[in-house]
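Below, each chain spelled out in residue letters.
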Amino acid sequence: MNKMEKIRSTLSDACFLVTDGTHDTPKTLESGIPFIKAKEIVGEIIDFENCEYISYEDHLKVIARSKPEKGDTLFAHIGASLGEAAFIKTNIEFSIKNIALFKPNSSKIDNRYLFYYIISPKFQGEIKSRRTGSAQPFVSLEFLRNHPIEYHHNVNTQRKIATILSVYDDLIENNHRRIKILEKMAQMIYREWFVNFCFPGHEKVKMVKSEMGMIPEGWEVVNFSELYMTSSGGTPSRKVAGYYGGAHPWIKTRELNDGFILETEETITDFGMQKSSAKLFPENTVILAIYGATIGKLGILSMPAATNQACVAILPKEVEFGRAFAFLFLRENRDKLIGLGQGAAQQNISQVVLKNFPTLRPPVILMQELSVMVEPLLDNVRNLQQRNANLRRTRDLLLPKLISGEIDVEDLDINSGINNGHT
């Protein structure tokens, strides 16, 4: 058989195991074993920093059904994240809920190659076209097991392909780590200055009583609305095709991920904007999700854009209270704001709640110092996000050509001795 020839089988035939995580809801804790759900798979990375935790005893019960291990692939097959996938690169023990788990048979299919096959447009399109449920999209485990796949027969060929694509992913992961460090530095500065009051020169400032407790003299307690205007968006009617596909980026809450928004899935036209509540907000506006699965998530516009009605735009009244303070303040107080949300069926942070939220107003000179310290960090985050977007775009151009065999890798001298997990 030619090394570039393909073999056709089902997904379960290429894997030792195709299963999913627990369907139960173990008691969550502030620390313990990470408990990963579909929303913690973001951009093909498992978010261990913002997940919930369960006890070791509950973890043992969960992994009796499905134990995720290095070299496996996770696939979100339920909910708004359906189709998101991640390759497990860690030996950290964790449990999963409502996520499919693919354990490849390495004698048939390379671990990383399987992951790239799963995120390929062909596989994603085939799976998403068969989803059921409008409120809660769903693809059954049985369907996944029996789904036909066509892949390179030769494992060395698979490894060459995986090695080419992994170069891009390694660079993306490295940039992602740098982004996380920069974000932590910015948040740490905010917390030290505006929560712990250890700002430059604090030793010379007297502390005085306020309705928020002891605060530095010269600072004020104000409502959020005294510093920022808020405005919501809208959704043009889906019945009019001419409202969509225009020049204006249009953001949905699931696109908010506590970073810069570089591009959007959909755009709208001038006509769509005129016939809906959508408005165009300027670059550097901070956007907050006020309900839905991503309630409390934030984004910063890297270009003028409109949003749907589940987003609120935060617009500064004074130049010193720009994106940095708004973004860091809202992230620091996210849990409090969500806790003030109302609604039995769906929790909602209303604009009224946000406008009346107590906020400290530091002196302008301190805000200017914050800008000098933090704005360069945010600019670096934006640059790294842009680099990652470019790397992912290039990888995604290559991926279908490599997986389909359109690009022949047989004559390429590639060292495929990559870390493939448990192979």
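## Here we look at the pattern of salt bridges
Here comes step 1: Under the counting rule described, the total for this entry stands at 33 salt bridges.
Here comes step 2: Across the pair R191 and E332 runs a salt bridge whose closest N-O atoms are separated by 3.0 Å. Taken together, the residues span a long stretch of sequence, with R191 in helix α6 (residues 155–194) and E332 in helix α8 (residues 323–332) at a distance of 141 residues.
Here comes step 3: Residue classification places R191 among the partly exposed residues on the basis of a relative accessible area of 37%.
Here comes step 4: Classification of E332 as partly exposed rests on a relative accessible area of 24%.
Here comes step 5: Between R382 and E283 there is a salt bridge whose closest N-O contact spans 3.1 Å. Note that R382 is positioned in helix α11 (residues 364–404) and E283 in the loop between α7 (270–274) and β19 (286–289), a separation of 99 residues in sequence.
Here comes step 6: Exposure remark for R382: the relative accessible area of 23% places this residue in the partly exposed category.
Here comes step 7: Bridged by salt links that share partners, the residues R238, K252, R254, E255, E265 and E266 form one connected network.

## Digging into the sheet that holds strand β17 (residues 259–261)
Here comes step 1: Read from one edge to the other, the open sheet built from 5 strands follows the order β15-β22-β19-β20-β17, with strand pairing classed as mixed. Either end of the sheet is taken by a strand with one partner, and the two such strands are β15 (228–232) and β17. Strand-to-strand, the axes of this sheet are offset by a mean angle of 35°, without reference to chain direction.
Here comes step 2: For β17 and strand β20 (residues 298–301), the ladder comprises 3 bridges, and the chain directions are parallel. Bridged to G259 within β20 is G299.
Here comes step 3: Set on the sheet, α8 makes contact with β15, β17, β19, β20 and β22 (311–316); between it and β20 the angle comes to about 170°.

## Details of the packing of α6 against α8
Working note: a packed helix pair is described by the angle between its axes plus the distance between those axes.
Here comes step 1: One can describe the packing of α6 onto α8 by two numbers: an axis separation of 10 Å at closest approach and a directional angle of 80°. Taken together, the axes of α6 and α8 lie roughly perpendicular to each other. Across from E183, A186, Q187, Y190, R191 and F194 in α6, the residues of α8 making contact are F325, L328, F329, R331 and E332.
Here comes step 2: Its residues placed into classes, the contact of α6 with α8 shows 6 nonpolar, 1 polar and 4 charged.

## Considerations on the sheet that holds strand β16 (residues 244–251)
Here comes step 1: Read across the open sheet, the 3 strands follow the order β18-β16-β21; overall the sheet is mixed. Lying at the two open borders of the sheet, with one neighbouring strand each, are β18 (266–268) and β21 (306–307).
Here comes step 2: In this structure, β16 lies alongside β21, joined through 2 bridges in parallel fashion. Counterpart to W250 in the pairing with β21 is A306.

## Quick word on the nonpolar core
Here comes step 1: Counting residues in each nonpolar core, the largest one holds 47 residues, and the members touching the most others are F194, I314, F325 and L330.
Here comes step 2: A per-element tally of this core places α11 first, with 8 residues.
Here comes step 3: Apart from the residues within four sequence positions on either side, F194 is in contact with W219, F325, L360, P362, L366, M367 and L370.

Definitions and cut-offs
- Residues numbered from 1 in each chain as written.
- Predicted model: local features only at pLDDT ≥ 70, side-chain atom pairs only at ≥ 80, totals over all residues.
- Heavy atoms only, no water.
- Salt bridge = Lys/Arg side-chain N within 4 Å of Asp/Glu carboxyl O.
- Helix = DSSP H or I, 4+ residues; strand = E, 2+ residues; numbered from the N terminus.
- Buried < 20%, exposed > 50% of the residue type's maximum accessible area, 1.4 Å probe, protein only.
- Pairing = 2+ DSSP bridges.
- Axes fitted to C-alpha atoms, helices over the stretch in contact; angles between N-to-C directions.
- Contact = heavy atoms within 4.5 Å.
- Parallel < 35°, antiparallel > 145°, perpendicular 65-115°, else oblique.
- Nonpolar A, V, L, I, M, F, W, Y, C, P; charged D, E, K, R; others polar.
- Core = buried A, V, L, I, M, F, W, Y, C linked by side-chain atoms within 4.5 Å.

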